[in-house]
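So you can see what is in the structure, the chains are spelled out below.
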Amino acid sequence: MAKEYDLVILGGGTGGYVAAIRASQLGMQVAIVEKGELGGTCLHRGCIPSKALLRSAEVFRQTKEAAEYGVETKDPSLNFNKVQERKNKIVDTLHKGVQGLMKKGKIDVFQGYGRILGPSIFSPMPGTISIEYANGDENTMIVPKNVLIATGSKPKSLPGLEMDGKLIMSSDDALKMETLPASILIVGGGVIGVEWASMLTDFGVDVTVLEYAEQILPTEDKAIALEVEKQLKKRGVTFVKGAKVLPDSLETGDNITISAEKGEAVESYTAEKMLVSVGREANTTNIGIENTDIAVEKGFIKTNAFYQTKESHIYAIGDVIGGMQLAHVASHEGIVAVEHMADENPLALEYDNIPSCIYSSPEAASVGLSEKQATEKGYEVKVGKFPFKAIGKALVHGESEGFVKIVADKKTEDLLGIHMVGPHVTDLISEAGLAKVLDATPWELGHTVHPHPTLSEIVGEAALAVEGKQIHG
Ligand SMILES: Cc1cc2nc3c(=O)[nH]c(=O)nc-3n(C[C@H](O)[C@H](O)[C@H](O)COP(=O)(O)OP(=O)(O)OC[C@H]3O[C@@H](n4cnc5c(N)ncnc54)[C@H](O)[C@@H]3O)c2cc1C
C-alpha cells in the first residue's frame, strides 16, 4: 500500500530541505524526493563550491601582495588540485550536515525521480507521487496531503550555442575543471559571470566578459556595477558591454572563436574555453505538471504570495518559481509555504527587504531599490554615499576601495535601497536588511552606534550622508 505523508517535497535543495525541517518542527510527517543529492544546486553546484574557489583565488592574490603588509613570500604558486580538494571537502562536510538534519527531523528521503500523478485535490489520492529509481527498481507510490515543488533550476544557454561541458561550459561544468585554461570567454556579465571573472583573473587566467546589456550586473545600482567593473579591469579582466554574441559564428578547434555584434561593428574573440552564464531555467518539465491545473508563466510555476499554485494543496518555491533566484530566498519561501499549509498565519515575504550578494573581489551587496528603480517608481529620492577610504578598518585591511550608497525617500524619510561595494559588504548588508524590515530611517541608521574601528562604521556614515551630516568625509 502507498505510504501516506502530510507533506511530500519534490527536490531536496536549499528550499526543499529547509521547508522539510520547518514542517517536521510543526509536527508533519514529511518526505523528500531527491533525484540527485540533498543540498541541491547551492551546496553542490552553486553558492558553496563557487565561494570556496573564490576564497582560494583571493588567498592566492593576497599572498602575492603580502609584501605590502611587510610579509615576504617567495614566488607563491597555485596547486589547483588542492584548491579543488578543499572545495570538495567543504561540500562533503556540509552535505553530511544536511543528511544529519534530515535524520534528526525524522524526514524520509527517497533517492529517486519524483513525478506528480494525481490530478487534483478532488481525486481520491490527491497529488499522488511516483518515485522512479535510476537502478530500475520498481516505482514507489506515495500519497501526500500537501505537495511542495522545489525542483530548482538548471543553466540555460543562448539558442544555437550548445554547451559540450568541455570547451563550452556551464557553471556546473566549470566547477569540475581539473586544470585552469590560459584564457576564457565568459558570455554573460551577471552575478555568476562576474564571480567567475573575479576568481579566474585572480588564478591568473586571461578573462574576457561579453555582456549584452550596457551595464555588467544589470540588476544592480549603476554606480555599484561601475565600481566592480573598474576594480576587475584593474586586475586584468576585459569587459565588452552591449555585445550581442552570434552563436552561428562559433568556431572550435584547439581554441574557441566567436563573434559579437556591438553597434554596427562585429568583433571576434578567441580563448581556450568559454563559460556561458546567461541565466537559469526552471526545472518544470517531466515532473507531472500536465497532470494538474498548475499554471506556468514564462517557464516558471505561478503561485500566490504564500506559494500556493492553482491546486491549493500543491505549493512551489525557490528557483522553480523565478524571481530572486537565491538560496536564502528559496529557504524562506519554503518556510512561509509550510507555515501556510499548517495554518500558522505566516507573513508574506517582502522582496524589497531581501539582500542579494555578489562574492567577487570587490564584493557587492544590495537590498531594496536602486536609485534608477526608485526614480522610475515615482519616488523623489535623496542619496547618501560614503567611501571605504575614509574608514580606518578598511585601510588596516588594505582594502579601501568601494563605497556604500543609501537611497531614501525625500518625502517620508523611508529607506528605499542600500547598496554596497567593497570589503566584506556581503556581511555588512545584513544590518541594512534589518533596517528595512524594521522600517528604519537613515536618521535611525546613522544614530546607531557602530563600534570603532570596524567596517560597519561605513553604514552609519552613509546614512548620515543622506543629510550631508557624515563625520569623516
Ligand atoms: C554558480 C552558482 C552560484 C550561486 N551562488 C549563490 C550564492 O552565493 N548565494 C545564493 O543565495 N544563491 C546562489 N546561487 C543560487 C542558488 O544556488 C539557488 O537559488 C538555490 O539553490 C535554489 O534552491 P532551490 O531549492 O529552489 O533549488 P535547487 O537548489 O536547484 O534544488 C532543487 C533540487 O531538486 C532536485 N530535483 C529536480 N527535479 C526533481 C525531480 N523530478 N525529482 C526529484 N528531485 C528533483 C534537484 O536534483 C535539486 O537537488 C548560485 C547558483 C549558481 C548556479
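Scroll up for the structure.
Residues numbered from 1 in each chain as written. Predicted model: local features only at pLDDT ≥ 70, side-chain atom pairs only at ≥ 80, totals over all residues. Heavy atoms only, no water.

How would you explain the packing of helix 3 (residues 47-64) against helix 4 (residues 80-104) if you had to name every residue and give the values?
Between two packed helices, the angle of one axis relative to the other and the distance separating the axes together describe the packing. One way to put it is that helix 3 packs onto helix 4 with a least axis distance of 9 Å and a crossing angle of 145°. The element helix 3 and its partner helix 4 pack so that their crossing is right-handed. Listed contacts from helix 4 to Ile 48, Pro 49, Ala 52, Leu 53, Arg 55 and Ser 56 of helix 3 are Val 83, Gln 84, Arg 86, Lys 87, Ile 90, Val 91 and Leu 94. Here the contact of helix 3 with helix 4 is composed, by residue class, of 8 nonpolar, 2 polar and 3 charged. (Axes fitted to C-alpha atoms, helices over the stretch in contact; angles between N-to-C directions. Helix = DSSP H or I, 4+ residues; strand = E, 2+ residues; numbered from the N terminus. Left-handed = near helix turned anticlockwise from the far one by under 90°. Contact = heavy atoms within 4.5 Å. Nonpolar A, V, L, I, M, F, W, Y, C, P; charged D, E, K, R; others polar.)

So what's going on with the sheet that holds strand 21 (residues 363-368)? Residues and values would help.
Adjacent strands of a sheet pair through backbone hydrogen bonds, lying either parallel or antiparallel. One open sheet accounts for 5 strands, arranged 20-21-24-23-22; its pairing is antiparallel. One side of each edge strand has no neighbouring strand; the edge strands of this open sheet are strand 20 (356-358) and strand 22 (381-387). On average, adjacent strands in this sheet sit at an angle of 10° to one another, irrespective of strand direction. Sheet analysis places strand 21 next to strand 24 (residues 415-422), joined by 6 bridges and oriented antiparallel. What sits directly across from Glu 363, in strand 24, is Gly 422. Along the sheet, helix 7 (residues 222-234) contacts strand 21, strand 23 (403-409) and strand 24; its crossing angle with strand 24, the most-contacted strand, is approximately 5°. (Pairing = 2+ DSSP bridges.)

Before we move on, can you summarise the site of the ligand with the specific residues and values?
As a matter of local geometry, the ligand sits amid 37 residues, with Glu 34, Thr 41, Lys 51, Asp 319 and Ala 327 nearest to it. Between an oxygen atom of the ligand and a main-chain N or O atom of Cys 42, the distance comes to 3.3 Å. Here a nitrogen atom of the ligand sits 3.4 Å away from a polar atom, N or O, in the main chain of Cys 47. Starting from 1000 Å² of accessible surface for the ligand in isolation, the protein chains cover 95%. Taken together, the elements giving at least two residues each to the shell around the ligand come down to helix 1 (14-25), strand 2 (30-34), helix 2 (40-45), helix 3, strand 4 (113-116) and helix 8 (327-341). (Near = heavy atom within 4 Å. Polar contact = N/O pair within 3.5 Å; in protein donor to acceptor, adjacent residues only side chain to side chain. Areas by Shrake-Rupley, 256 points an atom, 1.4 Å probe, with all protein chains shown as cover.)

Give me the sheet that holds strand 12 (residues 244-252): which residues, what numbers.
Read from one edge of the open sheet, 3 strands run 12-13-14, paired in antiparallel fashion. Looking at strand neighbours, the two that pair on one side only are strand 12 and strand 14 (265-271), the edges of this open sheet. Averaged over all pairs of adjacent strands, the angle between strand axes in this sheet comes to 25°, irrespective of strand direction. Sheet analysis places strand 13 (residues 256-262) next to strand 14, joined by 7 bridges and oriented antiparallel. Counted as the bridge partner of Ala 260 is Glu 267 from strand 14.

I'd like to hear about the packing of aromatic side chains, residue by residue, with values.
Under the criterion given, the structure shown has 2 aromatic pairs. Pairing Tyr 5 with Phe 110 gives two aromatic rings, centres 6.2 Å apart and planes at 90°, and the pair type is edge-to-face. Taken together, the residues Tyr 5 in strand 1 (residues 3-10) and Phe 110 in strand 3 (residues 108-111) connect sequence positions 105 residues apart. Considered together, Tyr 5 and Phe 110 belong to a single accessibility category, that of buried residues. Aromatic side chains Phe 80 and Phe 203 sit 5.6 Å apart centroid to centroid with 85° between the ring planes, which places their arrangement in the edge-to-face category. In this pair, Phe 80 is assigned in helix 4 and Phe 203 in the loop between helix 6 (191-202) and strand 10 (206-211), connecting sequence segments 123 residues apart. Pair check on accessibility: Phe 80 and Phe 203 agree, each one buried. Its end group placed over the ring of Phe 60, Lys 64 keeps NZ or CZ at 4.2 Å from the ring centre. Note that Lys 385 overlies the ring of Phe 403, its terminal NZ or CZ placed 4.3 Å from the centroid. (Phe/Tyr/Trp six-rings, centres within 6.5 Å; stacked < 30°, edge-to-face > 60°. Buried < 20%, exposed > 50% of the residue type's maximum accessible area, 1.4 Å probe, protein only. Lys NZ or Arg CZ within 6 Å of the ring centre and 35° of its normal.)

Explain the environment of Leu 455 residue by residue, including any values.
As for its position among the elements, Leu 455 is in the loop between helix 12 (442-446) and helix 13 (457-465). Separated by 60 residues in the primary sequence, Leu 455 and Leu 395 place their C-alpha atoms 9.7 Å from one another. Ignoring anything within four residues of it in the chain, the contact list for Leu 455 reads Phe 388, Ile 391, Lys 393, Ala 394, His 397, Pro 423, His 424 and Leu 428.

Give me the pairing of strand 24: which residues, what numbers.
For strand 24, the tally of buried residues reaches 8 of 8 residues, placing the bulk of the element in the interior. Where strand 23 and strand 24 come together, 6 bridges link them in antiparallel fashion. By the bridge assignment for strand 24, Val 407 is matched with Gly 417. Between strand 23 and strand 24, which pair antiparallel one after the other, the connecting turn spans 5 residues, and Glu 413 there sits at a positive phi close to 70°.

Break down the nonpolar core for me, with residues and values.
In terms of nonpolar packing, the biggest core is built from 47 residues, with Leu 7, Ile 9, Ile 129, Leu 148 and Ile 149 touching the most fellow members. Ignoring sequence-local partners within four residues, the contact set of Leu 7 consists of Ala 23, Met 28, Gln 29, Val 30, Ala 31, Pro 144, Asn 146, Val 147, Leu 148, Val 338 and Met 341. Val 83, Ile 186, Leu 200 and Leu 232 belong to the second largest nonpolar core, which has 34 residues in total. (Core = buried A, V, L, I, M, F, W, Y, C linked by side-chain atoms within 4.5 Å.)

I'd like a description of a nonpolar patch on the surface, backed by residues and values.
Together, Leu 434, Val 437 and Leu 438 make up a nonpolar patch on the protein surface, roughly 310 Å² of accessible area in all. Tracing the backbone shows Val 437 in helix 11 (residues 425-437). The exposed category is assigned to Val 437, whose relative accessible area is 54%. (Patch = residues over 30% accessible without salt bridge, like charges linked within 9 Å, V, L, I, M, F, W, Y side chains within 5 Å. Salt bridge = Lys/Arg side-chain N within 4 Å of Asp/Glu carboxyl O.)

I'd love a proper account of the pattern of salt bridges, names of residues and values included.
For the coordinates displayed, the defined rule picks out 20 salt bridges. Here Glu 339 ties to Arg 22 by a salt bridge, and the two come within 2.7 Å at their closest N and O atoms. Of this pair, Glu 339 sits in helix 8 while Arg 22 sits in helix 1, and the two are 317 residues apart along the sequence. Overall, the relative accessible area of 16% leaves Glu 339 in the buried class. Where Arg 61 meets Glu 65, a salt bridge forms, and the shortest distance between an N and an O atom there is 3.9 Å. You can call Glu 65 partly exposed: its relative accessible area is 28%. One network of salt bridges, with partners in common, ties together Arg 61, Glu 65, Asp 202 and Arg 235.

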